[in-house]
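# Chain and residue survey
Each chain is listed here by its residues.
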Amino acid sequence: MTTREDFSPDSGGQGGTIALRQVCCIADGRALLDIGTLDIRPGERVAIVGHNGAGKSTLLRLLTGFASLTHGRVEVLGRDLSARPTPEQLRALRHEVGQIHQGLHLVGRLSALENTLIGSLGRVAGWRSWVRYFPAQERASAEAALHAVGLLPRARTRADKLSGGERQKVAIARLLLQRPKLILADEPTAALDPAAASEVCHLLAQAAQSATLISVVHNAALLPLLAERVIGLKNGRIAFDLPLAAVDDQKLVNLYRPDQFAPTVPWQMRESEPCSAL
Ligand SMILES: Nc1ncnc2c1ncn2[C@@H]1O[C@H](COP(=O)(O)OP(=O)(O)OP(=O)(O)O)[C@@H](O)[C@H]1O
Ligand SMILES: [Mg+2]
(Lines give C-alpha, C1' and ligand atoms only; values in the text may rest on other atoms or scores of the structure.)
(Ligands and ions follow the chains in the order given, each with its own letter.)
Protein backbone atom coordinates (compact mmCIF):
# COMPACT_ATOMS: atom_id res chain seq x y z
CA MET A 1 0.00 0.00 0.00
CA THR A 2 1.42 3.38 -0.95
CA THR A 3 1.04 6.29 1.45
CA ARG A 4 1.28 10.03 0.97
CA GLU A 5 4.67 9.99 2.74
CA ASP A 6 6.06 7.75 0.01
CA PHE A 7 5.81 10.78 -2.30
CA SER A 8 7.83 13.08 -0.02
CA PRO A 9 10.34 15.40 -1.76
CA ASP A 10 13.19 13.25 -0.45
CA SER A 11 11.77 10.21 -2.14
CA GLY A 12 11.70 12.12 -5.42
CA GLY A 13 7.91 12.27 -5.51
CA GLN A 14 6.40 15.71 -4.97
CA GLY A 15 8.60 18.32 -6.61
CA GLY A 16 9.88 15.73 -9.10
CA THR A 17 8.53 15.44 -12.61
CA ILE A 18 7.42 11.84 -12.32
CA ALA A 19 6.90 9.47 -9.40
CA LEU A 20 5.55 5.93 -9.71
CA ARG A 21 4.90 3.68 -6.72
CA GLN A 22 3.79 0.02 -6.89
CA VAL A 23 2.35 0.60 -10.34
CA CYS A 24 0.49 -2.19 -12.03
CA CYS A 25 -1.42 -2.04 -15.31
CA ILE A 26 -3.42 -5.12 -16.22
CA ALA A 27 -5.40 -5.58 -19.43
CA ASP A 28 -7.18 -8.75 -20.48
CA GLY A 29 -5.63 -10.59 -17.53
CA ARG A 30 -2.09 -9.64 -18.60
CA ALA A 31 0.29 -7.44 -16.66
CA LEU A 32 1.46 -4.78 -19.09
CA LEU A 33 3.42 -2.85 -16.46
CA ASP A 34 4.66 -3.85 -13.02
CA ILE A 35 6.92 -1.14 -11.57
CA GLY A 36 7.78 -0.78 -7.88
CA THR A 37 9.44 2.65 -7.82
CA LEU A 38 10.39 5.10 -10.53
CA ASP A 39 11.36 8.74 -10.01
CA ILE A 40 12.35 11.19 -12.72
CA ARG A 41 13.51 14.65 -11.73
CA PRO A 42 13.01 17.94 -13.59
CA GLY A 43 15.37 18.38 -16.51
CA GLU A 44 16.47 14.74 -16.66
CA ARG A 45 16.96 13.15 -20.07
CA VAL A 46 15.87 9.53 -19.89
CA ALA A 47 15.73 6.84 -22.56
CA ILE A 48 13.52 3.79 -22.29
CA VAL A 49 14.72 0.69 -24.11
CA GLY A 50 13.30 -2.81 -24.37
CA HIS A 51 11.93 -5.51 -26.64
CA ASN A 52 8.72 -5.14 -28.67
CA GLY A 53 5.80 -5.42 -26.29
CA ALA A 54 7.95 -4.64 -23.20
CA GLY A 55 5.52 -1.90 -22.16
CA LYS A 56 7.44 1.21 -23.24
CA SER A 57 4.53 2.91 -25.01
CA THR A 58 2.15 1.83 -22.25
CA LEU A 59 4.41 3.57 -19.72
CA LEU A 60 4.37 6.80 -21.76
CA ARG A 61 0.60 6.56 -22.15
CA LEU A 62 0.22 6.07 -18.42
CA LEU A 63 2.03 9.37 -17.83
CA THR A 64 -0.60 11.30 -19.76
CA GLY A 65 -3.61 9.35 -18.52
CA PHE A 66 -4.16 7.49 -21.80
CA ALA A 67 -3.45 4.10 -20.18
CA SER A 68 -5.35 3.14 -17.08
CA LEU A 69 -3.81 2.17 -13.81
CA THR A 70 -4.94 -1.01 -12.07
CA HIS A 71 -3.01 -0.41 -8.87
CA GLY A 72 -0.50 2.04 -7.39
CA ARG A 73 0.33 5.72 -7.54
CA VAL A 74 1.38 7.90 -10.44
CA GLU A 75 2.32 11.55 -10.09
CA VAL A 76 3.21 13.64 -13.13
CA LEU A 77 4.16 17.33 -12.85
CA GLY A 78 2.65 17.47 -9.38
CA ARG A 79 -0.67 15.89 -10.42
CA ASP A 80 -1.87 12.67 -8.90
CA LEU A 81 -3.13 10.55 -11.81
CA SER A 82 -4.17 7.72 -9.51
CA ALA A 83 -6.92 9.90 -8.01
CA ARG A 84 -9.20 9.64 -11.06
CA PRO A 85 -8.37 13.04 -12.63
CA THR A 86 -11.23 14.95 -14.24
CA PRO A 87 -11.17 15.59 -18.02
CA GLU A 88 -10.22 19.23 -17.24
CA GLN A 89 -7.29 18.11 -15.09
CA LEU A 90 -6.12 15.75 -17.83
CA ARG A 91 -6.43 18.50 -20.43
CA ALA A 92 -4.36 20.85 -18.25
CA LEU A 93 -1.70 18.16 -17.82
CA ARG A 94 -1.57 17.41 -21.55
CA HIS A 95 -0.98 21.09 -22.30
CA GLU A 96 2.20 20.81 -20.22
CA VAL A 97 3.34 17.59 -21.89
CA GLY A 98 4.69 17.56 -25.44
CA GLN A 99 4.40 14.30 -27.35
CA ILE A 100 6.10 13.00 -30.46
CA HIS A 101 5.19 9.88 -32.38
CA GLN A 102 6.31 8.77 -35.79
CA GLY A 103 3.91 10.29 -38.31
CA LEU A 104 1.09 10.50 -35.80
CA HIS A 105 -0.54 13.50 -34.24
CA LEU A 106 -0.05 15.77 -37.20
CA VAL A 107 -3.23 16.71 -39.01
CA GLY A 108 -2.62 15.66 -42.61
CA ARG A 109 -4.88 18.23 -44.25
CA LEU A 110 -3.38 21.15 -42.30
CA SER A 111 -0.19 22.91 -43.36
CA ALA A 112 3.12 22.60 -41.54
CA LEU A 113 2.51 26.09 -40.08
CA GLU A 114 -1.00 25.23 -38.86
CA ASN A 115 0.25 21.99 -37.30
CA THR A 116 2.99 23.95 -35.54
CA LEU A 117 0.42 26.47 -34.26
CA ILE A 118 -1.42 23.62 -32.54
CA GLY A 119 1.43 23.83 -30.02
CA SER A 120 0.06 27.18 -28.86
CA LEU A 121 -3.47 25.94 -28.14
CA GLY A 122 -2.73 25.84 -24.40
CA ARG A 123 -2.33 29.63 -24.53
CA VAL A 124 -4.97 30.52 -27.12
CA ALA A 125 -8.22 30.64 -25.22
CA GLY A 126 -11.93 30.35 -26.00
CA TRP A 127 -13.42 30.80 -29.48
CA ARG A 128 -10.02 31.58 -31.00
CA SER A 129 -8.89 28.02 -30.30
CA TRP A 130 -12.14 26.62 -31.78
CA VAL A 131 -11.73 28.42 -35.08
CA ARG A 132 -7.93 28.18 -34.93
CA TYR A 133 -7.55 31.97 -35.03
CA PHE A 134 -4.04 32.49 -33.83
CA PRO A 135 -2.70 35.87 -32.68
CA ALA A 136 0.01 37.41 -34.89
CA GLN A 137 2.57 36.88 -32.15
CA GLU A 138 1.89 33.13 -32.09
CA ARG A 139 2.08 32.94 -35.89
CA ALA A 140 5.45 34.70 -35.80
CA SER A 141 6.65 32.28 -33.11
CA ALA A 142 5.42 29.31 -35.18
CA GLU A 143 7.38 30.58 -38.20
CA ALA A 144 10.44 31.01 -35.99
CA ALA A 145 10.03 27.42 -34.75
CA LEU A 146 9.75 26.09 -38.32
CA HIS A 147 12.83 28.12 -39.21
CA ALA A 148 14.69 26.54 -36.26
CA VAL A 149 14.04 23.05 -37.64
CA GLY A 150 14.85 24.13 -41.22
CA LEU A 151 11.30 23.83 -42.55
CA LEU A 152 10.15 27.43 -42.97
CA PRO A 153 10.16 27.06 -46.79
CA ARG A 154 7.58 24.25 -46.38
CA ALA A 155 5.37 26.20 -43.96
CA ARG A 156 2.36 26.20 -46.36
CA THR A 157 2.75 22.54 -47.38
CA ARG A 158 0.11 20.12 -46.12
CA ALA A 159 1.49 17.68 -43.55
CA ASP A 160 0.39 14.69 -45.64
CA LYS A 161 2.65 15.94 -48.43
CA LEU A 162 5.76 15.93 -46.22
CA SER A 163 8.26 13.08 -45.79
CA GLY A 164 8.48 11.13 -42.50
CA GLY A 165 11.56 13.10 -41.41
CA GLU A 166 9.94 16.43 -42.32
CA ARG A 167 6.84 15.48 -40.33
CA GLN A 168 9.04 14.70 -37.32
CA LYS A 169 10.60 18.14 -37.64
CA VAL A 170 7.15 19.79 -37.74
CA ALA A 171 6.28 17.86 -34.57
CA ILE A 172 9.44 19.26 -32.97
CA ALA A 173 8.58 22.78 -34.15
CA ARG A 174 5.20 22.28 -32.46
CA LEU A 175 7.05 21.34 -29.25
CA LEU A 176 9.16 24.49 -29.51
CA LEU A 177 5.94 26.50 -29.66
CA GLN A 178 4.23 24.53 -26.92
CA ARG A 179 7.15 24.96 -24.47
CA PRO A 180 6.14 21.88 -22.47
CA LYS A 181 7.61 20.97 -19.08
CA LEU A 182 7.78 17.31 -20.06
CA ILE A 183 8.42 15.78 -23.49
CA LEU A 184 7.49 12.17 -24.24
CA ALA A 185 9.01 10.95 -27.50
CA ASP A 186 7.95 7.46 -28.54
CA GLU A 187 10.41 6.19 -31.15
CA PRO A 188 10.92 9.69 -32.54
CA THR A 189 13.23 8.42 -35.26
CA ALA A 190 11.34 5.32 -36.38
CA ALA A 191 11.63 4.89 -40.16
CA LEU A 192 14.14 7.73 -40.56
CA ASP A 193 17.45 7.26 -42.36
CA PRO A 194 20.56 7.46 -40.12
CA ALA A 195 21.38 11.09 -40.96
CA ALA A 196 17.79 12.26 -40.49
CA ALA A 197 17.52 10.25 -37.25
CA SER A 198 20.55 11.93 -35.78
CA GLU A 199 19.37 15.38 -36.93
CA VAL A 200 15.92 14.82 -35.39
CA CYS A 201 17.57 13.72 -32.11
CA HIS A 202 19.70 16.88 -32.01
CA LEU A 203 16.63 19.04 -32.65
CA LEU A 204 14.65 17.16 -30.03
CA ALA A 205 17.41 17.60 -27.44
CA GLN A 206 17.46 21.33 -28.22
CA ALA A 207 13.67 21.56 -27.89
CA ALA A 208 14.00 19.85 -24.51
CA GLN A 209 16.59 22.25 -23.13
CA SER A 210 14.23 23.51 -20.43
CA ALA A 211 12.10 20.38 -20.14
CA THR A 212 12.32 16.82 -18.89
CA LEU A 213 12.79 14.46 -21.84
CA ILE A 214 11.73 10.82 -21.91
CA SER A 215 12.36 9.00 -25.18
CA VAL A 216 11.73 5.46 -26.30
CA VAL A 217 14.78 4.50 -28.34
CA HIS A 218 15.45 1.31 -30.31
CA ASN A 219 18.76 2.34 -31.88
CA ALA A 220 21.49 2.24 -29.22
CA ALA A 221 23.68 4.56 -31.32
CA LEU A 222 21.17 7.36 -30.67
CA LEU A 223 21.19 6.99 -26.88
CA PRO A 224 24.00 9.53 -26.28
CA LEU A 225 22.05 12.16 -28.22
CA LEU A 226 18.92 11.82 -26.12
CA ALA A 227 19.75 10.49 -22.68
CA GLU A 228 22.00 10.56 -19.68
CA ARG A 229 19.99 7.82 -17.97
CA VAL A 230 18.68 4.61 -19.49
CA ILE A 231 15.84 2.46 -18.22
CA GLY A 232 15.59 -1.07 -19.58
CA LEU A 233 12.09 -2.55 -19.57
CA LYS A 234 11.52 -6.28 -19.89
CA ASN A 235 8.06 -7.84 -19.80
CA GLY A 236 6.66 -4.71 -18.14
CA ARG A 237 9.28 -4.59 -15.39
CA ILE A 238 12.37 -2.44 -14.90
CA ALA A 239 15.35 -4.67 -15.69
CA PHE A 240 17.88 -1.88 -15.16
CA ASP A 241 17.96 1.84 -14.48
CA LEU A 242 21.48 3.13 -15.07
CA PRO A 243 23.52 6.14 -16.12
CA LEU A 244 24.20 6.02 -19.85
CA ALA A 245 27.91 5.35 -19.27
CA ALA A 246 27.05 2.12 -17.41
CA VAL A 247 24.95 0.69 -20.23
CA ASP A 248 27.16 -1.59 -22.29
CA ASP A 249 26.42 -3.95 -25.16
CA GLN A 250 26.10 -6.92 -22.83
CA LYS A 251 23.35 -5.22 -20.80
CA LEU A 252 21.43 -4.49 -23.98
CA VAL A 253 21.93 -8.02 -25.30
CA ASN A 254 20.62 -9.43 -22.00
CA LEU A 255 17.67 -7.06 -22.12
CA TYR A 256 16.58 -8.13 -25.58
CA ARG A 257 17.33 -11.82 -25.11
CA PRO A 258 14.21 -13.89 -24.36
CA ASP A 259 14.16 -15.31 -20.82
CA GLN A 260 16.02 -18.63 -20.79
CA PHE A 261 13.45 -20.32 -18.59
CA ALA A 262 10.43 -18.43 -19.81
CA PRO A 263 7.31 -20.56 -19.68
CA THR A 264 5.92 -21.53 -23.05
CA VAL A 265 2.84 -19.34 -22.47
CA PRO A 266 4.42 -16.62 -20.34
CA TRP A 267 1.42 -14.42 -19.73
CA GLN A 268 -0.82 -17.30 -18.70
CA MET A 269 1.75 -18.23 -16.08
CA ARG A 270 1.48 -14.73 -14.63
CA GLU A 271 -2.28 -14.43 -14.67
CA SER A 272 -2.75 -15.95 -11.22
CA GLU A 273 -0.55 -13.22 -9.72
CA PRO A 274 -0.04 -10.77 -12.56
CA CYS A 275 1.72 -8.03 -10.58
CA SER A 276 4.21 -8.07 -7.74
CA ALA A 277 2.23 -5.29 -6.00
CA LEU A 278 -0.93 -7.39 -5.80
N1 LIG B 1 -5.16 -1.45 -24.70
C2 LIG B 1 -4.53 -2.62 -24.58
N3 LIG B 1 -5.20 -3.71 -24.19
C4 LIG B 1 -4.58 -4.90 -24.06
N5 LIG B 1 -3.27 -5.07 -24.28
C6 LIG B 1 -2.55 -4.00 -24.67
C7 LIG B 1 -3.13 -2.73 -24.83
N8 LIG B 1 -2.16 -1.86 -25.23
C9 LIG B 1 -1.03 -2.57 -25.31
N10 LIG B 1 -1.25 -3.85 -24.97
C11 LIG B 1 -0.25 -4.90 -24.90
O12 LIG B 1 0.68 -4.48 -23.94
C13 LIG B 1 1.98 -4.93 -24.27
C14 LIG B 1 2.92 -3.74 -24.26
O15 LIG B 1 2.58 -2.90 -25.33
P16 LIG B 1 3.40 -1.59 -25.65
O17 LIG B 1 2.76 -0.94 -26.82
O18 LIG B 1 3.55 -0.79 -24.42
O19 LIG B 1 4.83 -2.21 -26.05
P20 LIG B 1 6.14 -1.47 -26.53
O21 LIG B 1 7.23 -1.79 -25.55
O22 LIG B 1 5.88 -0.04 -26.78
O23 LIG B 1 6.46 -2.27 -27.86
P24 LIG B 1 7.00 -1.75 -29.28
O25 LIG B 1 8.51 -1.70 -29.18
O26 LIG B 1 6.57 -2.83 -30.22
O27 LIG B 1 6.39 -0.43 -29.60
C28 LIG B 1 1.86 -5.62 -25.64
O29 LIG B 1 1.85 -7.00 -25.42
C30 LIG B 1 0.51 -5.14 -26.16
O31 LIG B 1 -0.10 -6.12 -26.95
MG1 LIG C 1 5.79 1.12 -28.50
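What you are looking at is a predicted structure, and each value in this text was computed from that prediction instead of being measured.

### Description of the overall build of the protein chain
A count of helices and strands for the protein chain gives 10 helices and 10 strands. Buried residues in the protein chain amount to 40% of all 278 residues. Sequence-distant contacts in the protein chain: of pairs separated by 6 or more residues, those separated by 24 or more amount to 67%.

### Overview of the sheet that holds strand β7 (residues 182-186)
As summarised here, the arrangement of the 6 strands in space is β6-β7-β8-β3-β9-β10, forming an open sheet in which the pairing is mixed. Among the strands making up the open sheet, the edge pair consists of β6 (97-101) and β10 (237-243). For this sheet, the mean angle separating the axes of adjacent strands, direction not counted, is 15 degrees. Two elements, β6 and β7, share 5 bridges in a ladder whose sense is parallel. Bridging from a neighbouring strand, valine 97 pairs with leucine 182 of β7. Each of β6 and β7 touches helix α6 (residues 164-178); the most contacted strand, β6, lies at about 180 degrees to it.

### Some points on the site of ligand 1
Taken together, the neighbourhood of ligand 1 is formed by Ala27, Asp28, Leu32, Gly50, Asn52, Gly53, Ala54, Gly55, Lys56, Ser57 and Thr58. For the shell around ligand 1, the leading source of residues is helix α1 (residues 56-62), giving 3 residues. Across the shell around ligand 1, the residue classes break down as 3 nonpolar, 6 polar and 2 charged.

### Some points on the environment of asparagine 254
Here asparagine 254 shows up in helix α9 (residues 249-256). Separated by 20 residues in sequence, asparagine 254 and lysine 234 have C-alpha atoms that sit 9.9 Å apart.

### Notes on the environment of leucine 225
Checked against the element boundaries, leucine 225 lands in helix α8 (residues 223-226). Leucine 225 sits in the buried class, given 20 other C-beta atoms within 10 Å. C-alpha separation for the pair leucine 225 and arginine 45, spaced 180 residues apart in sequence, amounts to 9.7 Å. Those residues in contact with leucine 225 that sit more than four places away from it in its chain are Ser198, Cys201, His202 and Ala205.

### Quick notes on the confidence of the model for the protein chain
Here the protein chain averages 86 in pLDDT, and 86% of its residues register 70 or above. Scored below 50 in pLDDT, residues 1-14 shows 23 contacts in the model against residues more than four places distant or in partner chains.

### Some points on the sheet that holds strand β5 (residues 79-80)
Taken together, the 4 strands give an open sheet; going across it, the order is β2-β1-β4-β5, and neighbouring strands pair in antiparallel fashion. Looking at strand neighbours, the two that pair on one side only are β2 (30-40) and β5, the edges of this open sheet. Looking at chain direction, strand β4 (residues 71-76) and β5 are connected through 2 bridges and run antiparallel. Bridge pairing links valine 76 to arginine 79 in β5.

### Observations regarding unusual backbone geometry
Phi is mostly negative for residues that are not glycine, and the peptide bonds are mostly trans. Positive phi values are uncommon outside glycine, yet glutamine 22 reaches one of about 50 degrees. Locating glutamine 22 in the fold gives a position in strand β1 (residues 18-27). You can call glutamine 22 partly exposed: it has 18 C-beta atoms within 10 Å. Not every positive phi belongs to a glycine, and leucine 77 is a case in point at roughly 50 degrees. Residue position: leucine 77 is located in the loop between β4 and β5. Since 18 C-beta atoms lie within 10 Å of it, leucine 77 is described here as partly exposed.

### Quick look at the environment of histidine 95
Tracing the sequence through the fold places histidine 95 in helix α2 (residues 87-96). Along the primary structure histidine 95 and lysine 181 are separated by 86 residues, whereas in three dimensions their C-alpha atoms are 9.2 Å apart.

Definitions and limits used
- In every chain, residue numbers begin from 1 and rise along the written sequence.
- Think of it this way: whatever chain is written first is A, whatever ligand is written first is 1, and the rest follow in order.
- Only residues with pLDDT of at least 70 are given local features in this predicted model, and only at 80 or more are side-chain atom pairs given and counted; all residues enter the totals for whole chains, interfaces and linings.
- Helix numbers and strand numbers start at the N terminus; a helix is a DSSP run of H or I with at least 4 residues, a strand a run of E with at least 2.
- The exposure scheme places C-beta atoms from the backbone and then counts, for each residue, the other C-beta atoms within 10 Å of its own, assigning buried at 20 or more, exposed at 12 or fewer, and partly exposed in between.
- Contact between residues is assigned whenever the C-beta positions, reconstructed from backbone atoms, fall within 7 Å.
- Pairs of strands are assigned from DSSP output, requiring at least two bridges between the strands.
- Fitted lines through C-alpha atoms give the axes, limited to the stretch in contact for helices. The angle between two N-to-C directions lies from 0 to 180 degrees.
- Proximity of a residue to a molecule or strand is defined by its backbone-placed C-beta atom lying within 6 Å of that partner.
- When residues are sorted by character, Ala, Val, Leu, Ile, Met, Phe, Trp, Tyr, Cys and Pro go into the nonpolar class, Asp, Glu, Lys and Arg into the charged class, and all the rest, Gly among them, into the polar class.
- One number per residue, pLDDT, summarises how confident the predictor is, and it ranges from 0 to 100.

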